[in-house]
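Each chain, letter by letter, is given below.
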Amino acid sequence: MNETPTNGSGPQPVVRLRDIHKSFGSNHVLRGIDLTVHKGQHVVVFGPSGSGKSTLLRTINLLEVPDSGSVWFDGKEYGPGIDGEELPKGKARLLRQEIGMVFQQFNLFPHITALDNVALALRRVKRIARPEAELRAATYLDRVGLLDKLAAYPGQLSGGQQQRVAIARSLVMGPKVMLFDEPTSALDPELVGEVLAVMRSLAESGMTMVVVTHEMGFGEEVGDLNIFMDDGVVVEQGGRGIYKDAHEPRTREFLRSIL
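Conventions adopted
- Residues numbered from 1 in each chain as written.
- Predicted model: local features only at pLDDT ≥ 70, side-chain atom pairs only at ≥ 80, totals over all residues.
- Heavy atoms only, no water.
- Salt bridge = Lys/Arg side-chain N within 4 Å of Asp/Glu carboxyl O.
- Helix = DSSP H or I, 4+ residues; strand = E, 2+ residues; numbered from the N terminus.
- Buried < 20%, exposed > 50% of the residue type's maximum accessible area, 1.4 Å probe, protein only.
- Core = buried A, V, L, I, M, F, W, Y, C linked by side-chain atoms within 4.5 Å.
- Pairing = 2+ DSSP bridges.
- Contact = heavy atoms within 4.5 Å.
- Axes fitted to C-alpha atoms, helices over the stretch in contact; angles between N-to-C directions.
- Parallel < 35°, antiparallel > 145°, perpendicular 65-115°, else oblique.
- Left-handed = near helix turned anticlockwise from the far one by under 90°.

Novice: Can you help me understand the pattern of salt bridges in this one?
Specialist: When the charged atoms of two side chains lie near each other, side chains of opposite charge can form a pair. All told, the structure shown has 13 salt bridges when counted by the stated rule. Residue Lys-176 is joined to Asp-74 by a salt bridge in which the shortest nitrogen-to-oxygen separation is 2.5 Å. Here Lys-176 is found in the loop between helix H5 (159-171) and strand S7 (177-181), whereas its partner Asp-74 is found in the loop between strand S4 (68-73) and strand S5 (76-77), with 102 residues between them in sequence. Looking at Lys-176, the relative accessible area reads 37%, which means it is partly exposed. What makes Asp-74 partly exposed here is its relative accessible area of 44%. With its nearest N and O atoms 3.2 Å apart, the salt bridge here joins Glu-134 to Arg-130.

Take a look at the structure:
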């Protein structure tokens, strides 16, 4: 059996996870997850702590390798695969060049400037000369509203500004998909809005995004596909109406507890 997505008139899949299982010791964190992400789609994943959201996100770019199941991206198989299928196998290193990721913590190098933090991967991974790399880096720092902070070191920036530098660092590599793992959870409340504004602008530009977040207002505004997870499974998924008219009792219970 070969279910590789084919060209057609409908939206084209970019990422497809099928029957993903992942355990850490005796803890079965993901229990048969299926997910298809189409080009230009904004997927929002929410649920209680420990439900497997971040692990799911990290399987998309193989920061966590699933124990079983298929991780399909742009025509190639990156996971263990599905029995009976023979798809071209891709390398994790190349996959991560196509999929950008922004973490809870900013993970900036403290000893170099914002400009150098953004330009570094261009120089080391793509072997772009410093002048061109710095020009591209400045363009993306401008895109996230930080052109005036090119020479600032991370310690001179607020948490929101550091997270925006981290977003620019991912964007400058030209990813086909952006992953966000609770990107505002480490921020003071007054700084959350500036990061969500950048993410909202990305969504409006047509960037394909998968976002794990507790910011339900962002999901209701931006999420094309909204997924509620609990105990390693997808309990419910749907459009933006899920936040006000969830069908599953567990989804309704969770949303009542946080809204």
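Novice: I tried to follow the nonpolar core on my own but got confused; where do I start?
Specialist: A general trend in soluble globular proteins is that nonpolar side chains are found buried together. The biggest cluster of nonpolar side chains holds 40 residues, and the ones touching the most others in it are Leu-141, Val-165, Ile-167, Phe-180, Met-199 and Met-209. Residue assignment for this core shows that the elements contributing at least two residues are helix H3 (114-124), helix H4 (130-143), H5, S7, helix H6 (189-204), strand S8 (208-212) and helix H7 (216-222). Looking at which element gives the most residues to this core, the answer is H6, with eight residues. Val-14, Leu-30, Leu-95 and Ile-99 belong to the second-largest nonpolar core, a separate cluster that totals 28 residues.

Novice: What is the right way to look at the sheet that holds strand S1 (residues 13-24) in this model?
Specialist: Note on sheets: strands pair through backbone hydrogen bonds, and any given pair is parallel or antiparallel. If you walk across this open sheet you meet the four strands as S2-S1-S4-S5, and the pairing is antiparallel. The open sheet is flanked by strand S2 (27-38) and S5, the only strands paired with a single partner. Across nine bridges, the pairing between S1 and S2 is antiparallel. Looking across to S2, one finds that His-21 is bridged to Arg-31. Taken strand by strand, helix H1 (residues 53-60) contacts S1, S2 and S4, and its axis lies near 125 degrees from that of S1.

Novice: Explain the pairing of strand S9 (residues 225-230) to me, please; I cannot follow it from the model alone.
Specialist: Two faces, one strand: in a regular strand the side chains alternate between the faces of the sheet. Counting buried positions along S9 gives six out of six residues, so the element sits mostly inside the fold. Of the two faces of S9, the one holding Leu-225, Ile-227 and Met-229 and the one holding Asn-226, Phe-228 and Asp-230 are both buried throughout. In terms of strand pairing, strand S3 (residues 42-46) meets S9 through four bridges, oriented parallel. Bridge pairing links Phe-46 to Phe-228 in S9. Bridge count between S9 and strand S10 (residues 233-238): five bridges; the pairing is antiparallel. If you follow Ile-227 over to S10, its bridge partner there is Gln-237. The hairpin turn running from S9 into S10, its antiparallel successor, is two residues long, and Asp-231 in that turn takes a positive phi close to 55 degrees.

Novice: Just checking my understanding: could you explain the sheet that holds S3 for this structure?
Specialist: In space, the six strands of this open sheet follow the order S6-S7-S8-S3-S9-S10, with mixed pairing throughout. In this open sheet, the two strands that pair with only one neighbour each are strand S6 (99-102) and S10. Ignoring which end each strand starts from, the neighbouring axes of this sheet average 15 degrees apart. Pairing analysis gives five bridges linking S7 to S8, with the strands arranged parallel. The residue bridging Asp-181 from the neighbouring strand is Val-212, located in S8. Across the sheet, H5 touches S6 and S7, and the angle it forms with S6 is around 170 degrees.

Novice: Just checking my understanding: could you explain the packing of H3 against H5 for this structure?
Specialist: When two helices pack together, you describe them by how their axes are tilted relative to each other and by the distance separating the axes. Viewed as axis vectors pointing N to C, H3 and H5 meet at an angle of 25 degrees, and their least axial separation amounts to 8 Å. Considering their axes alone, H3 and H5 lie roughly parallel with respect to each other. Handedness of the H3/H5 crossing: right-handed. Note on element contacts: H5 touches H3 through Val-165, Ala-168 and Arg-169, opposite Ala-114, Asn-117 and Val-118.

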